[in-house]
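# Summary of the model geometry
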Amino acid sequence: MIDFTLTQQDQKILDVVRERALICRNYARYYDEHEEEFAPAELPENEQFKDKHPFVLMRGSGENDTSFGVMSMLVSIGQTWGDYTVRLQQGAGGLGNASLGAVGTDEQKTKWGSMTLAMANTEPGCGSDSKAIITTAVLDGDEWVINGEKIFVTTGCRCDGVVVWATLDASKGRGAIKAFMIPKGVPGFEVTHKEKKLGIRADDTAAMVFTDCRIPRENLLGGNEEIVQKGGGGFKGLMGTFNMTRPGVAAIGLGMARAALDFTRDELAKEGIEVDYAASPSERSAVAQKLIEIEADLEAAELTVLHAVWLSTDGKPNNMEASIAKAKGGEVVRTATQRCLELLGGLGVSRDYLIEKWFRDVRITDIYEGTGQIQKLIIARQILEYSSAELS
Ligand SMILES: Cc1cc2nc3c(=O)[nH]c(=O)nc-3n(C[C@H](O)[C@H](O)[C@H](O)COP(=O)(O)OP(=O)(O)OC[C@H]3O[C@@H](n4cnc5c(N)ncnc54)[C@H](O)[C@@H]3O)c2cc1C
């Protein structure tokens, strides 16, 4: 049976997460308006929380408490409920770490697991269609030579290294695509540009160029290239990265949308508009009814996230459910924040409050790690039992 009821221990952890996340609101506007700056790795106020990192607190959880996977999603929601700037202080860990986890050998995981790794897939001519990448990897003696350009790489400036998707032979499609760990500082690897964005400005999003960039043979993720040539460590495994990360992306958006809803509810309460849950829809004001609908949408989206992660924690396939969580979350955070702005009138677009920022910040949820349309294609393929060649 699926049961997401929180225990006392779960709630204790989430309370600390929220308390800590609130601190980030003090920095939110500054880093929104100073996109060119990087925040410190730790905020000074966090000294008081140094022994209270959520993942450390979770070590005290028992078998009756909520599982690590599900709790990680609730922690993400709780963190970004503070503000997206919370992502600045997370330290180690990036999308590339999830790729390393998905296709790296045990030795590679030990060697690079503590580094913050970005993941570079997208290119100027290839986004949704990942198999169209043209960055090349050619073996020359004991080294791979990487040539190509990558764009929109999250944590590209701050990472210690990047997991780069490259093709061994562009004429051979997805089967020839492999991932390579390229540490910062290697000759021929240059971060060329930091993107200026609509929202999530606290995140660094970078472009990078690889020009005759040489890395050791063993930096091919998955290890021995003979195994990799036979399919190990390849495209399919790399796509599996997203089954782990897509629910997390939705969770990040949902935290901000919840913050927008809570702010809206508080502002309306100041005007004497309270939600009476016991009343029937015909007895409630239109405003109260709208608030309840936003709340219900967010709760439904949250449940899709928890379900997707619960499946993977239980060792079950979650390819479709991860896409459902991402598609549902991406859509709901957009509509929820938009409806909150409508309810607040002019106050909603004022820079005196963070809600206009959250409205901008959530927009990316439906774009990165596969757009909403791509998620719907994945879901349709699973339901209709089509291959990607049959439905794309
Ligand atoms: C802030 C940010 C951070 C990012 N971080 C990373 C990162 O860390 N690493 C990385 O590799 N990439 C990253 N990306 C890139 C992101 O994953 C791509 O932008 C995304 O996959 C879409 O690709 P695209 O921009 O080329 O759009 P396109 O693929 O050109 O899509 C444009 C539009 O066409 C639609 N479309 C495309 N194909 C289909 C289809 N078959 N059927 C129906 N509709 C379709 C899309 O849904 C979209 O609406 C990031 C992007 C941003 C903006």
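The coordinates are above.
Described below are features of the structure shown in this document.

### Points about the overall build of the protein chain
Across its full length, the protein chain carries eleven helices and seven strands. Taken over C-alpha atoms, the radius of gyration comes to 22 Å for the protein chain, in line with the 21 Å a tight globule of 392 residues would show. Here the C-alpha coordinates of the protein chain stretch approximately 75 × 50 × 45 Å along the principal axes. For the protein chain, the share of sequence-separated contacts (at least 6 apart) that also reach a separation of at least 24 residues comes to 73%.

### Quick word on the side chain of Asp204
Mapping Asp204 onto the fold places it in the loop between β6 (189-194) and β7 (205-216). Buried charge without a partner: Asp204 forms no salt bridge, and the closest opposite charge is Arg158, 4.6 Å away. A distance of 3.0 Å separates a polar side-chain atom of Asp204 from the backbone nitrogen of Gly156. At 3.2 Å, the side chain of Asp204 and the backbone nitrogen of Arg158 are in polar contact. Non-local contacts of Asp204, meaning those with residues more than four positions away in its chain, are made with Phe38, Val153, Thr154, Thr155, Gly156, Cys157, Arg158 and Lys194.

### Let's talk about the environment of Leu238
Relative to the helices and strands, Leu238 resides in helix α7 (residues 235-270). Judged by its relative accessible area of 0%, Leu238 is buried. Sequence separation between Leu238 and Val103 is 135 residues; the distance between their C-alpha atoms is 6.5 Å. Apart from the residues within four sequence positions on either side, Leu238 is in contact with Ser99, Val103, Trp165, Lys178 and Ala179.

### As for the packing of aromatic side chains
Inspection of every chain in the model, using the stated rule, returns six aromatic pairs. Ring centres of Trp144 and Phe180 lie 5.1 Å apart, and the angle between their planes is 65 degrees; on these two criteria the pair is classed as edge-to-face. Within this pair, whereas Trp144 is found in strand β3 (residues 143-154), its partner Phe180 is found in strand β5 (residues 177-183), the two being separated by 36 residues in sequence. Among the residues examined, Phe180 registers a relative accessible area of 0% and is labelled buried. Measuring from centroid to centroid gives 5.4 Å for Phe263 and Tyr353, while their planes differ by 45 degrees, and the two rings are tilted. With Phe263 in helix α7 and Tyr353 in the loop between α9 (319-344) and α10 (355-361), this pair connects stretches of sequence that are 90 residues apart. Among the residues examined, Phe263 registers a relative accessible area of 16% and is labelled buried. Across the ring face of Trp81, the terminal group of Arg18 is positioned such that the distance to the ring centre comes to 3.7 Å.

### A few points about the state of the cysteines
On inspection of all chains with the given rule, the structure shows zero disulfides. Of the cysteine sulfurs around Cys126, a residue in no disulfide, the closest is that of Cys213, at 19 Å.

### Overview of the packing of helix α8 (residues 286-313) against α9
Packing of α8 against α9 brings their axes to within 9 Å, and their N-to-C directions diverge by 160 degrees. What the angle tells us is that α8 and α9 run roughly antiparallel. Between α8 and α9 lies a crossing whose hand is left-handed. Partitioning the contact of α8 with α9 into residue classes produces 16 nonpolar, three polar and six charged.

### Quick word on the site of the ligand
Around the ligand sit 21 residues in total, of which Thr122, Ser128, Phe152, Thr154 and Thr371 are the nearest. A distance of 2.8 Å is found between a nitrogen atom of the ligand and a backbone nitrogen or oxygen belonging to Met119. Measuring from an oxygen atom of the ligand, one finds a side-chain N or O atom of Gln373 at 2.8 Å. Surface burial for the ligand is 66%, taken as the share of its 970 Å² of free accessible area covered by protein chains. Counting only elements with at least two residues in the shell around the ligand, the list comes to β1 (117-120), β3 and α11 (372-384). Its residues assigned to classes, the shell around the ligand shows ten nonpolar, nine polar and two charged. For the shell around the ligand, the two domains that each supply at least three residues are domain 2 (98-233) and domain 3 (237-384).

The rules behind the values
Counting restarts for each chain, with residues numbered from 1 along the sequence as it is written. Whole-chain, interface and lining totals are the exception, using all residues; otherwise, since this is a predicted model, local features are given only for residues with pLDDT of at least 70 and side-chain atom pairs are given and counted only at 80 or more. Computation of side-chain values: all heavy atoms of the structure, hydrogens and water removed. Runs of E in the DSSP output that reach at least two residues are strands. Runs of H or I that reach at least four are helices, and both are numbered from the N terminus. Values of the radius of gyration come from C-alpha atoms, whereas the globule rule sets the reference at 2.2 Å times the count of residues to the power 0.38. Working rule for contacts: check all heavy atoms of both residues, and any pair within 4.5 Å makes them a contact. Burial here depends on accessible area, computed with a 1.4 Å probe over protein chains only, as a share of the maximum for the residue type. Under 20% is buried, over 50% is exposed, and the range in between is partly exposed. Think of it this way: Lys and Arg go in the positive column, Asp and Glu in the negative one, and His and the chain ends go nowhere. One speaks of a salt bridge when a side-chain nitrogen belonging to Lys or Arg is within 4 Å of a carboxyl oxygen belonging to Asp or Glu. Definition of a polar contact: a pair of N or O atoms within 3.5 Å, with one able to donate and the other able to accept a hydrogen when the atoms are protein atoms, and with sequence-neighbouring residues admitted only if both atoms are side-chain atoms. Working definition: rings of Phe, Tyr and Trp (its six-membered ring) pair if their centres are within 6.5 Å, and the pair is stacked with planes under 30 degrees apart, edge-to-face with planes over 60 apart, and tilted otherwise. Geometrically, a charge over a ring is one whose NZ (Lys) or CZ (Arg) sits within 6 Å of the ring centre while staying within 35 degrees of the ring normal. Any pair of cysteine sulfurs within 2.5 Å is marked as a disulfide. For every element, the axis is a line fit to its C-alpha atoms; helices are fit only across the contacting stretch, and the angle between N-to-C directions ranges from 0 to 180 degrees. Should an angle lie under 35 degrees it is considered roughly parallel, over 145 roughly antiparallel, and from 65 to 115 roughly perpendicular; all remaining angles are considered oblique. Working rule for handedness: look at the near helix, and if it is turned counterclockwise from the far one by less than a right angle, call the crossing left-handed; if clockwise, right-handed. Gly falls in the polar group here, along with every residue not listed as nonpolar (Ala, Val, Leu, Ile, Met, Phe, Trp, Tyr, Cys, Pro) or charged (Asp, Glu, Lys, Arg). Nearness here has a simple test: a residue counts as near a molecule or strand if at least one of its heavy atoms is within 4 Å of that partner. Only the protein chains shown count as covering a residue, and every accessible area follows the Shrake-Rupley method with a 1.4 Å probe. Segment limits for the domains were obtained from an automatic or database-derived domain assignment.

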